[in-house]
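So you can see what is in the structure, the chains are spelled out below.
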Amino acid sequence: MAGAKIDFDHKDVSAKIGAAIQGLDNPGPLFQIIIEYLTRVHRQRFRNQVSPEGTPWAPLSPAYKKRKHRNANKILTLRGHLAGTLRGQYDQTGLEFGTDRPYGAAQHFGAEIDRAASTREVYFRQKRDGSVGNQFVKKGKSNFAQTVNVGGYKIRIPARPWLGTNEQQNNQIVKKAHDYLQDAMGG
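The rules behind the values
Residues numbered from 1 in each chain as written. Predicted model: local features only at pLDDT ≥ 70, side-chain atom pairs only at ≥ 80, totals over all residues. Heavy atoms only, no water. Salt bridge = Lys/Arg side-chain N within 4 Å of Asp/Glu carboxyl O. Buried < 20%, exposed > 50% of the residue type's maximum accessible area, 1.4 Å probe, protein only. Helix = DSSP H or I, 4+ residues; strand = E, 2+ residues; numbered from the N terminus. Pairing = 2+ DSSP bridges. Axes fitted to C-alpha atoms, helices over the stretch in contact; angles between N-to-C directions. Parallel < 35°, antiparallel > 145°, perpendicular 65-115°, else oblique. Left-handed = near helix turned anticlockwise from the far one by under 90°. Contact = heavy atoms within 4.5 Å. Phe/Tyr/Trp six-rings, centres within 6.5 Å; stacked < 30°, edge-to-face > 60°.

Asker: How should the pattern of salt bridges be read in this particular structure?
Answerer: Oppositely charged side chains can pair when the atoms bearing their charge come close. For the coordinates displayed, the defined rule picks out five salt bridges. With its nearest N and O atoms 3.2 Å apart, the salt bridge here joins arginine 101 to aspartate 100. For aspartate 100, a relative accessible area of 64% puts it in the exposed group. Here arginine 156 and glutamate 112 are joined by a salt bridge, their closest N and O atoms 3.0 Å apart. In this pair, arginine 156 is assigned in strand S6 (residues 153–157) and glutamate 112 in strand S3 (residues 111–115), connecting sequence segments 44 residues apart. In this structure arginine 156 comes out as exposed when scored by relative accessible area, which is 59%. Glutamate 112 sits in the partly exposed class, given a relative accessible area of 45%.

Below is the structure:
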């Protein structure tokens, strides 16, 4: 070959490409990094009570808010069960992140629950004069019970999107993957 010539030693480049391929052949460490990131993002989302895009969740109904004693102003956090069940799992083909709780989907997408008519036992406290107030009490504090028929009704749960990522978070995941592969290539 006439003119200028460059001798190319492909061993170093091949080794780096081989390391990147090895990193892709074993994506477990990368998937674990992404799961840890998603867990942090979603826990923050529960603290902020917003959708992936930053939209505030639908407020609690006044009736439910009144009944809810603990964390009365917090949405989707009565006992922290939903946020506490965030999990990620992976295999060689990809990763999944979310919750195994069926109500997680109802809260995310919204739901309408049909409650069938039923018969229930309600408990009251009978006073010494024999009168019974109109306030329910717990069974253990009751001295008067009554069977009542409850008609069927619907419970409507508004959609409160809590699962997912926005563009900024997606870019952060891509950056983590880039950094992982760069580290795998020794660079």
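Asker: Is there a simple way to explain the pairing of strand S1 (residues 87–91) in this structure?
Answerer: Within a regular strand, side chains alternate between the sheet's two faces. Bridging between S1 and strand S2 (residues 94–98) involves five bridges; their strand directions are antiparallel. Along S2, the bridge assignment pairs tyrosine 90 with leucine 95. Linking S1 to S2, which pair antiparallel, is a turn of two residues.

Asker: Which parts of the structure should I look at to understand the packing of helix H2 (residues 28–48) against helix H6 (residues 167–184)?
Answerer: Direction vectors running N to C along H2 and H6 enclose 155°, while the axes themselves pass 10 Å from each other. The pairing of H2 with H6 is recorded here as roughly antiparallel in orientation. The element H2 and its partner H6 pack so that their crossing is right-handed. Contacts between H2 and H6 pair Pro29, Leu30, Ile33, Ile34, Tyr37, Leu38, Arg40, Val41 and Arg45 from the former with Gln169, Gln172, Ile173, Lys176, Ala177 and Tyr180 from the latter.

Asker: Where do I start with the side chain of glutamine 49 in this structure?
Answerer: Here glutamine 49 lies in the loop between H2 and helix H3 (62–67). Taking relative accessible area as the criterion, glutamine 49 reaches 14% and is therefore assigned buried. Other than its neighbours up to four places away in sequence, glutamine 49 contacts Thr55, Pro56, Trp57, Asn73, Lys74 and Ile75.

Asker: Would you explain the packing of aromatic side chains in this entry?
Answerer: For any two aromatic rings, the description comes down to two numbers: the centre-to-centre distance and the angle of the planes. The final tally for this structure, using the stated rule, is five aromatic pairs. Residues phenylalanine 46 and tryptophan 57 carry aromatic rings whose centres are separated by 5.6 Å and whose planes lie at 75° to one another, so their mutual orientation is edge-to-face. Of this pair, phenylalanine 46 sits in helix H2 while tryptophan 57 sits in the loop between H2 and H3, placing them eleven residues apart in sequence. Neither phenylalanine 46 nor tryptophan 57 differs from the other in exposure class; each is buried. Here phenylalanine 124 and phenylalanine 144 contribute two aromatic rings whose centre-to-centre distance is 6.2 Å and whose plane-to-plane angle is 50°, an arrangement assigned as tilted. With phenylalanine 124 in strand S4 (residues 118–124) and phenylalanine 144 in strand S5 (residues 144–150), this pair connects stretches of sequence that are 20 residues apart. The exposure class assigned to phenylalanine 144 is partly exposed, which follows from its relative accessible area of 28%.

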